[in-house]
Amino acid sequence: MAAEKTARRVPPAFFRGMKDGLPICLGYLSVSFTFGMMTTENGLPIWVGVLISMSNFTSAGQFAGTELILSGGMFLEIAVTTFIINIRYMLMSLSLSQKIDPNMTTLERCILSFGNTDEIFAVAMQQRGSVHASYLAGLILTPYLGWTVGTLLGASAAGILPLTVRSALGIAIYGMFIAIIVPPARSVKPVAVTILTAAALSCVFRYTPGLDGVSSGWVIIVCAVIASALSALRYPVDEEEEKQKEHDCGHPEEEAGR
Amino acid sequence: MNYTRILLAILVMALVTYLPRMLPLAIFQKKIQNRFVKSFLAYVPYAVLAAMTFPEILYSTSHLLSAAAGMLVALVLAYFNKGLLNLAPCSSAVVFVTEQGLKWMGML
């Protein structure tokens, strides 16, 4: 949809976005492949798995929701579980709202927010200056295709792959997360501190008797809010640095030619 | 198989996934000026991903040891900036090899 919108005169930022989305696309192939296998192995027709991937475009939430569909869960149960897992998106979208081009129209915001996945969000946030609609559209398009095609392939190929291969693919999505958070942590100390705090808190929830029953959606949001708040108090973002960034993004051509 | 029920459930899932993504982006159209809030939001991406990854990554495969091996490789490769493209397949490959070893030793 976003592609059609920009078809008349496609800005270079769109292609730059597509290119930046390519690694995410390849990572999504293996994760959605696992999802596709899960759907057909449990007796759902191929198109159902593909429809879920195309309409939800999220990992943890659609895995949990599909399991509830299969186990005969009620609509309310499906809604609440999926929502809790997805609460983090509110935090991420709020964060992204401060990063995108302030002139982005409401319609563009409504369309592009559909593609605000964990990985697309993280890559968008790492851009210099503000993020424009065409770049974001490209950044969403390639991973969306990967997510859909991966589901289709997985749903068609279920049963062919041995358990060992499927087990090995299970780690892929976390490998992606690590690839996104570790490099900036190396050069920016506050980022490293934030990551360590959030990871430590998450471990506390997991290994403390009594707390281990809290659902993962809540754990993520509580850990992220505490870790980000502590870092914000200890390492407030430098106003001057912000101004410098604003200044930098005044040259989109230069950035595009990077 | 009751397709009406499945389709309705998919619609429900899609809505509760889309709304949390769409509402903040549509509502907050102005730049927030508060320095604390700005800093807070700048750290959110890293905090969210870190909380999602650790310690869940250790339970993402068939065995704790294979997952730990895969995680270690991922951390080292990420530290040396090897990029997303190499990282996911490399850690998957290490998990696969480790699990073959565990099988051979009768631990899996």
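Residues numbered from 1 in each chain as written. Chains lettered and ligands numbered in written order. Predicted model: local features only at pLDDT ≥ 70, side-chain atom pairs only at ≥ 80, totals over all residues. Heavy atoms only, no water.

Asks: Which parts of the structure should I look at to understand the overall build of chain B?
Replies: Counting its secondary structure elements, chain B contains four helices and zero strands. Each helix and strand of chain B, placed in order from N terminus to C terminus, yields the pattern α-α-α-α. Computed over C-alpha atoms, the radius of gyration of chain B comes to 20 Å, more than 25% over the 13 Å expected from 2.2 N^0.38 for 108 residues, which places it beyond the range of a compact globule. Here the C-alpha coordinates of chain B stretch approximately 60 × 50 × 20 Å along the principal axes. A buried classification covers 46% of the 108 residues belonging to chain B. (Helix = DSSP H or I, 4+ residues; strand = E, 2+ residues; numbered from the N terminus. Rg over C-alpha atoms; globule rule 2.2 N^0.38 Å. Buried < 20%, exposed > 50% of the residue type's maximum accessible area, 1.4 Å probe, protein only.)

Asks: What am I meant to see in the packing of helix H11 (residues 172-187) of chain A against helix H2 (residues 35-53) of chain B here?
Replies: When two helices pack together, their arrangement is captured by the angle between the axes and the distance separating the axes. Axis separation between H11 of chain A and H2 of chain B bottoms out at 10 Å; the angle between their running directions is 140°. Between H11 of chain A and H2 of chain B, the angle falls in the class oblique. Pair H11 of chain A / H2 of chain B crosses with left-handed handedness. Across the interface between the two elements, Tyr 174, Phe 177, Ile 178, Ile 180, Ile 181 and Pro 184 of chain A from H11 of chain A touch Tyr 46, Leu 49, Ala 50, Met 52 and Thr 53 of chain B from H2 of chain B. In terms of residue class, the contact of H11 of chain A with H2 of chain B is made up of ten nonpolar, one polar and no charged. (Axes fitted to C-alpha atoms, helices over the stretch in contact; angles between N-to-C directions. Parallel < 35°, antiparallel > 145°, perpendicular 65-115°, else oblique. Left-handed = near helix turned anticlockwise from the far one by under 90°. Contact = heavy atoms within 4.5 Å. Nonpolar A, V, L, I, M, F, W, Y, C, P; charged D, E, K, R; others polar.)

Asks: Explain the confidence of the model for chain A to me, please; I cannot follow it from the model alone.
Replies: Low pLDDT marks stretches whose predicted atomic positions should not be read closely. Summing up the model confidence of chain A, the mean pLDDT is 86 and the portion of residues at 70 or higher is 89%. Predicted confidence for residues 243-258 of chain A stays below pLDDT 50, and this span has ten contacts to residues more than four positions away or in other chains. (pLDDT = per-residue confidence, 0-100.)

Asks: Even after reading the chapter, I still don't get the interface of chain B and chain A, so can you show me in this structure?
Replies: Frequently, the measure chosen for interface size is the accessible area that the parts lose on association. Contacts between chain B and chain A engage 73 residues on the former and 101 residues on the latter. Buried area between chain B and chain A, summed over both chains or domains, comes out near 7900 Å², and the portion from carbon and sulfur atoms is 73%. Considering only the side of chain B, the residues that lose the most area to chain A are Arg 21, Leu 25 and Tyr 43 of chain B, jointly responsible for 11% of the buried surface there. The interface formed by chain B and chain A holds one salt bridge in total. (Buried area = accessible area lost by both parts, 1.4 Å probe. Salt bridge = Lys/Arg side-chain N within 4 Å of Asp/Glu carboxyl O.)

Asks: Which parts of the structure should I look at to understand the packing of helix H2 (residues 12-41) of chain A against H11 of chain A?
Replies: Residues and elements named next belong to chain A. Interhelical geometry of H2 versus H11 gives an angle of 155° and a closest axis separation of 8 Å. One element, H2, and the other, H11, form an angle in the roughly antiparallel class. When H2 is examined against H11, the residues Ile 24, Gly 27, Tyr 28, Ser 30 and Val 31 are found in contact with a partner set consisting of Ala 172, Ile 173 and Met 176. In terms of residue class, the contact of H2 with H11 is made up of six nonpolar, two polar and no charged.

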